[in-house]
Amino acid sequence: MTAETLEPRPIPVLRRDDRGLPFIGQVLEYAKDPVGLYRRHWERYGPVAPFRTLNTNAAMLLGPDACGEALQNKDKAFANQPAWSQLVGPFFHRGLMLIDFDEHLGHRRIMQEAFVRPRLETYTRRLHPAIEHGMTAWETGKEFPAYWRLKQLTLDIAADLFMGGARDTSQAEMDRVNKAFIACVQAAAGIIRANVPGTRWGRAYRGRKVLESFLRHYLPAKRANQTDDIFSVLCHIETDDGDRFTDDDVVNHMVFLMMAAHDTSTITTATMLQYLGQHPAWQERCRTEAEALGPAPSAAELEGLVSLDLVMREALRLRAPVPVLVRHTVKDTVVQGVRIPADTSVALGIQFTHLMADYWTNPEEFDPGRFSPERREDKSHRFAWEPFGGGVHKCIGMHFAGLEVKAIMHRLLRGYHWRVDPGYVPPMDNHSLPFPKDGLPITLIRN
Ligand code: HEM
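As the structure is a computational prediction, the values presented were derived from the model and not from experiment.

Before we go on, may I ask you to explain the site of the ligand in this structure?
By nearness alone, 29 residues border the ligand, and His104, Arg108, Arg327, His393 and Cys395 come closest of all. The side chain of Asn80 places a nitrogen or oxygen atom 3.4 Å from an oxygen atom of the ligand. One of the side-chain nitrogen or oxygen atoms of Trp84 is found 2.8 Å away from an oxygen atom of the ligand. For the shell around the ligand, the elements supplying multiple residues, two or more each, are α6 (101-112), α12 (247-278), β6 (325-329) and α17 (398-415). Among the elements that make up the shell around the ligand, the one with the highest residue count is α12 (6 residues). Here the shell around the ligand is composed, by residue class, of 19 nonpolar, 7 polar and 3 charged.

How do you make sense of the sheet that holds strand β8 (residues 338-340) when you look at a structure like this?
To summarise the sheet geometry, strands pair through backbone hydrogen bonds and adopt either a parallel or an antiparallel arrangement. Ordered in space as β1-β8-β7, the 3 strands form an open sheet in which the pairing is mixed. Two strands bound the open sheet, and with one partner strand each, they are β1 (9-10) and β7 (333-335). In this sheet, β8 lies alongside β7 in antiparallel orientation, the contact comprising 3 bridges. Pairing of Thr333 across the sheet is with Ile340, part of β8.

Honestly, the sheet that holds β6 in this entry has me stumped. Any pointers?
The 5 strands are arranged β2-β3-β9-β6-β4 in an open sheet whose pairing can be described as mixed. The open sheet has two edge strands, β2 (48-53) and β4 (78-79), and neither has a second partner. Direction of pairing for β2 relative to strand β3 (residues 56-61): antiparallel, over a ladder of 6 bridges. Following the sheet pairing, Val48 is matched in β3 by Leu61.

Where do I start with the packing of α12 against helix α15 (residues 306-318) in this structure?
Any two packed helices are characterised by how steeply their axes cross, that is the angle between the axes, and by the distance between the axes. Contact pair α12 / α15: the axes reach a minimum separation of 9 Å and the direction vectors enclose 110°. One way to sum up the angle between α12 and α15 is to call them roughly perpendicular. Along its contact with α12, which presents Thr268, Thr271, Met272, Tyr275 and Leu276, the element α15 presents Leu308, Val311, Met312, Ala315, Leu316 and Leu318. Tallied by class, residues from the contact of α12 with α15 come to 9 nonpolar, 2 polar and no charged.

Even after reading the chapter, I still don't get the environment of Gln72, so can you show me in this structure?
Relative to the helices and strands, Gln72 is located in helix α4 (residues 64-72). Looking at Gln72, the relative accessible area reads 31%, which means it is partly exposed. Leaving out residues up to four positions away in the same chain, Gln72 has contacts with Arg382 and Phe383. Among the polar contacts listed, one links the side chain of Gln72 to the side chain of Arg382, at a separation of 3.3 Å.

I tried to follow the coordination of the iron atom of the ligand on my own but got confused; where do I start?
Geometry reference: four tetrahedral donors at a metal, ideal angle 109.5 degrees. Six octahedral donors, ideal angles 90 or 180 degrees. Exactly one donor from the protein chain reaches the iron atom of the ligand: Cys395 (SG), at 2.3 Å. With respect to the helices, strands and loops of the structure, Cys395 is situated in the loop between α16 (350-354) and α17.

Quick notes on the rules
Residues numbered from 1 in each chain as written. Predicted model: local features only at pLDDT ≥ 70, side-chain atom pairs only at ≥ 80, totals over all residues. Heavy atoms only, no water. Near = heavy atom within 4 Å. Polar contact = N/O pair within 3.5 Å; in protein donor to acceptor, adjacent residues only side chain to side chain. Helix = DSSP H or I, 4+ residues; strand = E, 2+ residues; numbered from the N terminus. Nonpolar A, V, L, I, M, F, W, Y, C, P; charged D, E, K, R; others polar. Pairing = 2+ DSSP bridges. Axes fitted to C-alpha atoms, helices over the stretch in contact; angles between N-to-C directions. Parallel < 35°, antiparallel > 145°, perpendicular 65-115°, else oblique. Contact = heavy atoms within 4.5 Å. Buried < 20%, exposed > 50% of the residue type's maximum accessible area, 1.4 Å probe, protein only. Donors = N, O, S within 2.8 Å, 3.2 Å for Na, K, Ca; no water.

Next comes the structure, spelled out in structure tokens:
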């Protein structure tokens, strides 16, 4: 092979018929059918494909090799902050996912202390009463929008477990905080991206202010008195070297953590509810295991729910709550033999990998057994299954997420059964994180 053939290739040129609409480029097409778009680009351009979004030429990494290279980020060319802040706006400023390189490592070391095993066990004990309380008003015997109920439930859980505020705060104030938080989350799908009253961004600017003043108001009390909610934990954790979060850090990390934990867990639980409704045999299998435990299982007991774990992994494969990760190159780099210049926006199509026939048998089918020890299809490639990302930014809350999702499902399975039409395909909204536009109508029947 000559030296010339080893030269990295440029990113392929976007074909005229792939350019999309003026200014917004391929954004609408992505929102309509992301997997269709990934497939076509994979077939036309290969693992490093061109992509056009909001007047910007970007690169789309497809397949586990290309995504894996960016996640491993060996030459430190891919940064998170410039990429994610463009997408989610300034409202999650200095959250852990939006800090890079050495500074990120320092913050991550401190935050890791909030997710060590004994703390996960404490959070789990706190989860059960919050879930029970959140589900008391759920309708049975008639159709209800399960996705929206689950979203409210994870918000209620966060109010207790993250903020620890529900106990000494009026319901009206918690409602105001929840609304402010939702305004920040919804900003990601805003088209007018400036502080304009009446727009999503305008509401998010106000929301961020409300959240900050709420957190700053309670911060001195949290510093003075250690309790077992995440807000208080962030005020007290420190590394072996004595590094701690400043007040600003605590506020910034809290706002981001609430966001990171909220829609992701809701989407996962909703997907499980849908597929278990369509696959009664798996629902029964999961129920049998759930009924063998008491009403408030420990972290270890929840982790021992083998069938539920397989179902959760399969749900995360079929509908990754974060289907795309974004990065921005801070220097020239090469991925799969293709040169990506500095200052390029890059999207990692995690969801596409989850549906590639090279790594999964009948990838579109719900088949939790593919994760069983005998099959382990997720081991077909190191980066075949990456719903929690990979590399230094890999989800720090993934074990907690598994516990929260399983605690909710455990209670649902013990209390109710449900069926969903096997032919039902939820109409998805993909503008921000994917969710069923019809709210996922389900009828719960008491066991
Ligand atoms: C099923 C639920 C969840 C999914 C699918 C999920 C997914 C992800 C993904 C894909 C990333 C990597 C982003 C990137 O590389 O740019 C991430 C990062 C992160 N997640 Fe999660 N997440 C979930 C739940 C949670 C929960 C419950 C928490 C907190 C309690 C959390 C906190 C975080 C944080 C702080 C980061 C940033 C980590 C870093 O940059 O070092 N996540 N999550």
